[in-house]
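# Chain and residue survey
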Amino acid sequence: MDTIEKTAVVTGAGSGIGRGLARVLSNAGMNLVLVGHHEPPLEETASSLIGNSIIVEADVSNLEDVQHVADETIRAFGAAHLLCNNAGVGPFAATQETTIEEWEWVLSVNLWGVIHGVHVFLPLFEAQKEGHIYATASEAGLYGVPFLAAYNTSKFAVVGLMQSLERDLRASGSSVTSSVLCPGATRTHLVEGERPVAARREVAVAEKTKAIKKEAAEVVANGMDPETVAECVLEGMRKKQFWHFSHDHVPQTALKQAQIMSASRELSQL
Ligand SMILES: NC(=O)c1ccc[n+]([C@@H]2O[C@H](COP(=O)([O-])OP(=O)(O)OC[C@H]3O[C@@H](n4cnc5c(N)ncnc54)[C@H](O)[C@@H]3O)[C@@H](O)[C@H]2O)c1
């Protein structure tokens, strides 16, 4: 992918993988549009970049906000060339404990955020006959993970959306391309991330859930460095790969699942 003097839009750029992507893309010569909820962490990302950047506060679950991101990008840099749909949330809860507000919140950010990005930016990329749409999914977009039903659902949907998008682009002879990242544990704020008032818990969480969440927080705290994950994405984009796998066990586990499905149909073996 040509990066010099092109413009990348990164959602969820105030921390974690989004900040890693912003830094790696800036180092590669791109202008950056840093998108997120709150300005202070976005400012921190901006100050760590070597190149041009602007900050646009936006909630990706809101279509008008995402349109505003596109408008501000054009106003500042004249065009966008890479959209990184990265913002995401990941609350832990057993399926039985997940409230309807949590389902709505997770799907509105993790799935609708990506749908909004595709809906707003794809016509711009098609019109200029150039552009790449990327999404951060997860290993949870390829196989089931306990205590993450809403997250799992959203990430499966993102993988499906991105695969369908890529096939539609190739079938129509479009010059626009797309790709998806399915990372494993990465050292970010995901597990401890904020939640909106509507999705705050009013139901009691089982001791088992608290223990699993603690374990997951430890796994994430010991996860891969987000900038290393971002470097893997940029390398994959340069090689024109659709799938980005920063963690080797992810495609291996997905393959194992496919083999189990065809052999015994017993998902519980995973
Ligand atoms: N950390 C991991 O182990 C891991 C593994 C697989 C996939 N992921 C995915 O990576 C992506 C980035 O998450 P992260 O791990 O860097 O966590 P993070 O919490 O550090 O970063 C997520 C960012 O998204 C922002 N955000 C949340 N809701 C938003 C909204 N409605 N609008 C705009 N911005 C919003 C947050 O403010 C935050 O800056 C997510 O899509 C996540 O699902 C993370």
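Residues numbered from 1 in each chain as written. Predicted model: local features only at pLDDT ≥ 70, side-chain atom pairs only at ≥ 80, totals over all residues. Heavy atoms only, no water.

### Regarding the overall build of the chain
When you go through the chain residue by residue, the secondary structure sums to 8 helices and 7 strands. Looking at the chain as a whole, 48% of its 270 residues qualify as buried. Intrachain contacts of the chain at a sequence separation of at least 6 include 70% that bridge at least 24 residues. Summing over all exposed atoms, the chain offers an accessible surface of approximately 13,000 Å²; the carbon and sulfur share of this is 54%. For the chain, the distance from the average position of its 21 positive side-chain charges to the average position of its 32 negative side-chain charges is 6 Å. (Helix = DSSP H or I, 4+ residues; strand = E, 2+ residues; numbered from the N terminus. Buried < 20%, exposed > 50% of the residue type's maximum accessible area, 1.4 Å probe, protein only. Contact = heavy atoms within 4.5 Å. Areas by Shrake-Rupley, 256 points an atom, 1.4 Å probe, with all protein chains shown as cover. Lys, Arg positive; Asp, Glu negative; His and termini not counted. Charge placed at Lys NZ, Arg CZ, Asp CG, Glu CD.)

### Observations concerning helix α6 (residues 207–221)
Taking 1.5 Å as the rise per residue, α6 with 15 residues should run 21 Å; its terminal C-alpha atoms sit 21 Å apart, in good agreement. All of the buried residues in α6 are Thr-209, Ile-212, Ala-216 and Val-220. Down the axis of α6, the sector holding all buried residues measures 75°, keeping them to one side. Exposed and facing more than 90 degrees away from the buried side of α6 are Glu-207, Lys-214 and Glu-215. (Expected span 1.5 Å × (residues − 1). Arc of directions from axis to C-beta.)

### Some thoughts on the nonpolar core
Core analysis: the largest hydrophobic core is formed by 39 residues, its most contacted members being Val-9, Val-69, Phe-121, Ile-133 and Met-162. The set of elements that each furnish at least two residues to this core consists of β2 (31–36), α3 (63–77), α4 (100–127), β5 (132–136) and α5 (149–171). Top element by residues in this core is α4. It accounts for 10 residues. Look past the residues within four positions of Val-69 in its chain and what remains in contact with it is Val-9, Val-33, Val-35, Val-56, Ala-58 and Phe-121. One finds Leu-25, Leu-32, Cys-84 and Ala-230 within the second-largest nonpolar core, a separate group that totals 24 residues. (Core = buried A, V, L, I, M, F, W, Y, C linked by side-chain atoms within 4.5 Å.)

### Considering the pattern of salt bridges
Under the counting rule described, the total for this entry stands at 9 salt bridges. With its nearest N and O atoms 3.2 Å apart, the salt bridge here joins Glu-207 to Lys-210. Here Glu-207 pairs with Lys-210, and both are found in helix α6, just 3 residues apart, close to one helical turn. Between Lys-239 and Glu-235 there is a salt bridge; the shortest N-O distance is 2.8 Å. Via salt bridges that share partners, Asp-2, Lys-6 and Glu-130 belong to a single interconnected network. (Salt bridge = Lys/Arg side-chain N within 4 Å of Asp/Glu carboxyl O.)

### Quick look at the site of the ligand
Neighbouring the ligand are 29 residues, the closest being Ile-17, Asp-59, Tyr-151, Thr-186 and Thr-188. One nitrogen or oxygen atom from the side chain of Ser-15 is found 2.9 Å from an oxygen atom belonging to the ligand. Here Thr-186 contributes a backbone N or O atom positioned 2.8 Å from an oxygen atom of the ligand. Alone, the ligand offers 830 Å² of accessible surface; in the complex the protein occludes 94% of this. Residue assignment for the shell around the ligand shows that the elements contributing at least two residues are α1 (16–27) and α5. Split by residue class, the shell around the ligand holds 12 nonpolar, 14 polar and 3 charged. (Near = heavy atom within 4 Å. Polar contact = N/O pair within 3.5 Å; in protein donor to acceptor, adjacent residues only side chain to side chain. Nonpolar A, V, L, I, M, F, W, Y, C, P; charged D, E, K, R; others polar.)

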